[in-house]
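Structure assessment
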Amino acid sequence: MKFDGRKALRVRMDHKQAVKLMGSDGTWRRSCVLLDVSQSGAKLEVEGTLDVLQAKEFFMLLSSTGLAFRRCELVWIDGTMAGVHFITADSKKKPPSARAAAAQNSTQRK
């Protein structure tokens, strides 16, 4: 179901789904409740202080062992609520390949 003007299909959680946020370097964790989720992001209710989210990039652990996770970046904070965007290989800009860079250099020399 689409709601709140979102582009991606979001699923609201009927029951509290506990997840944890963890810093990319593993130095901090926060317990959260997953409120809704889509292919591209999620809305969370964060327990405790949100100051650690200033890191902008972190992991959302979906299992107690940490084997199921999503790499996230912070989009917004409103009180105890936070919106995150899931980072995928496609969403990060990739540097040009060595071959493309070499071709560009050779055309500039001519």
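Structure first, text after, so check above.
Because the structure is predicted, anything quoted here is derived from the model rather than measured.

Looking now at the pattern of salt bridges. Think of it this way: side chains of opposite charge can pair up when their charged atoms draw near. This structure, assessed with the given rule, holds two salt bridges. Here Arg10 ties to Asp36 by a salt bridge, and the two come within 2.5 Å at their closest N and O atoms. Taken together, the positions of Arg10 in the segment before strand S1 (11-23) and Asp36 in strand S2 (residues 29-37) put the pair 26 residues apart, joining distant regions of the chain. For Glu57, the salt bridge identified is with Arg71, shortest N-O distance 2.6 Å.

Take the packing of aromatic side chains next. Scanning the model with the defined rule gives two aromatic pairs in all. Seen in terms of ring centroids, Phe59 and Phe69 are 5.4 Å apart; in terms of plane orientation they differ by 85°. Their pairing is edge-to-face. Taken together, the residues span a long stretch of sequence, with Phe59 in strand S4 (residues 57-61) and Phe69 in strand S5 (residues 69-78) at a distance of ten residues. Taking the relative accessible area as the measure of exposure, Phe69 reaches 43% and is therefore partly exposed. Across from the ring centre of Phe86, 4.2 Å away, lies the NZ or CZ of Arg70, which sits over that ring.

Turning our eyes to something else, we now look at the nonpolar core. With 18 residues, the main nonpolar core has Leu21, Leu44, Val46, Leu53, Phe58, Met60 and Val84 as its most contacted residues. For this core, the elements supplying multiple residues, two or more each, are S1, S2, strand S3 (41-46), S4, S5 and strand S6 (81-86). Every residue in contact with Leu53, bar those within four places of it in the chain, is listed here: Leu21, Trp28, Val46, Phe58, Leu74, Ile77 and Ala82.

Analysis parameters
Residues numbered from 1 in each chain as written. Predicted model: local features only at pLDDT ≥ 70, side-chain atom pairs only at ≥ 80, totals over all residues. Heavy atoms only, no water. Salt bridge = Lys/Arg side-chain N within 4 Å of Asp/Glu carboxyl O. Helix = DSSP H or I, 4+ residues; strand = E, 2+ residues; numbered from the N terminus. Phe/Tyr/Trp six-rings, centres within 6.5 Å; stacked < 30°, edge-to-face > 60°. Buried < 20%, exposed > 50% of the residue type's maximum accessible area, 1.4 Å probe, protein only. Lys NZ or Arg CZ within 6 Å of the ring centre and 35° of its normal. Core = buried A, V, L, I, M, F, W, Y, C linked by side-chain atoms within 4.5 Å. Contact = heavy atoms within 4.5 Å.

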